[in-house]
Amino acid sequence: MTNNIQSFIYEVGKYVVGALGGIIAMLAPTVPFIVICTIAVLMDCYTAWALSKRVKKRFPGANDGKFKSHYAGRVFLTLLKVYAVIVLAFLIDNHIFPDFPLLLPNIIAGAVCFWQMWSMLENESSCNDAKWAIVAQRIMVDKTERHFDLDLHDLKEHQIGKCGNRVCAYNGTIACKAENVKHCPNYEPIKDNENDSSTS
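Model, not experiment: these values are computed from the prediction.

Visitor: Before we move on, can you summarise the overall build of the protein with the specific residues and values?
Guide: Of the regular secondary structure elements, the protein holds eight helices and five strands. Looking at the protein as a whole, 28% of its 200 residues qualify as buried. The contacts in the protein between residues at least 6 apart in sequence include a share of 49% that link residues at least 24 apart.

This is the structure:
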């Protein structure tokens, strides 16, 4: 009985290993694309971590500057999706359109790398006072709020400005509406000119 089980496991294992070897051999041409895209994703992760360190330095207490486990899970899922798309593109290119040089794996890998490079530039330009970063932020997204769930308008200091008979700075602009008063910790009533003249 034991010998039968061992022989069964041996036969199954032999077929499984053979199948895996065939799949790996068939998908071997996708390895360069997978390696390049993996490097791009990991570099994006590094720039996101560097951004968290800048946020921690500029806004102490708002962020701990550490790479959390759920971020690692998101990176792992991103890599799995990238691998799956590259393999699918390779299979479509070679088995559905074999007579047309579509180069789908090249296109997919190029798109992934461009997407990651753009994300890296967004990370590097966010929470950065360099001149190039300030210019880049005119067309790129500030990743500080997206990554770390922060409201920059609550963290940045706004100058007090007069608007009618109120003083209020909110969201980078002067906000005079009653519903915005709750966002204005520096709200102060301003005396009218008539009241000032009467008291004088």
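Visitor: Outline the nonpolar core, supporting the account with residue identities and numerical values.
Guide: Counting nine residues, the largest nonpolar core is built from F33, I34, C37, A40, V82, I86, A109, V112 and C113. The set of elements that each furnish at least two residues to this core consists of α2 (31-58), α3 (69-96) and α4 (104-125). If we ignore the near neighbours within four places in the chain, the residues touching F33 are I86, P105, N106 and A109.

Visitor: With reference to specific residues and values, describe the environment of L51.
Guide: Position of L51 among the secondary structure elements: in helix α2. Looking at L51, the relative accessible area reads 0%, which means it is buried. Between the C-alpha atoms of L51 and E124, which are 73 residues apart in sequence, the distance is 6.7 Å.

Visitor: So what's going on with the side chain of T30? Residues and values would help.
Guide: Along the chain, the position of T30 falls in the loop between α1 (2-27) and α2. On the accessibility criterion, T30 (1% relative accessible area) is buried. Setting aside its immediate chain neighbours within four residues, T30 contacts I86, V87 and F90.

Reading the values: the criteria
- Residues numbered from 1 in each chain as written.
- Predicted model: local features only at pLDDT ≥ 70, side-chain atom pairs only at ≥ 80, totals over all residues.
- Heavy atoms only, no water.
- Helix = DSSP H or I, 4+ residues; strand = E, 2+ residues; numbered from the N terminus.
- Buried < 20%, exposed > 50% of the residue type's maximum accessible area, 1.4 Å probe, protein only.
- Contact = heavy atoms within 4.5 Å.
- Core = buried A, V, L, I, M, F, W, Y, C linked by side-chain atoms within 4.5 Å.

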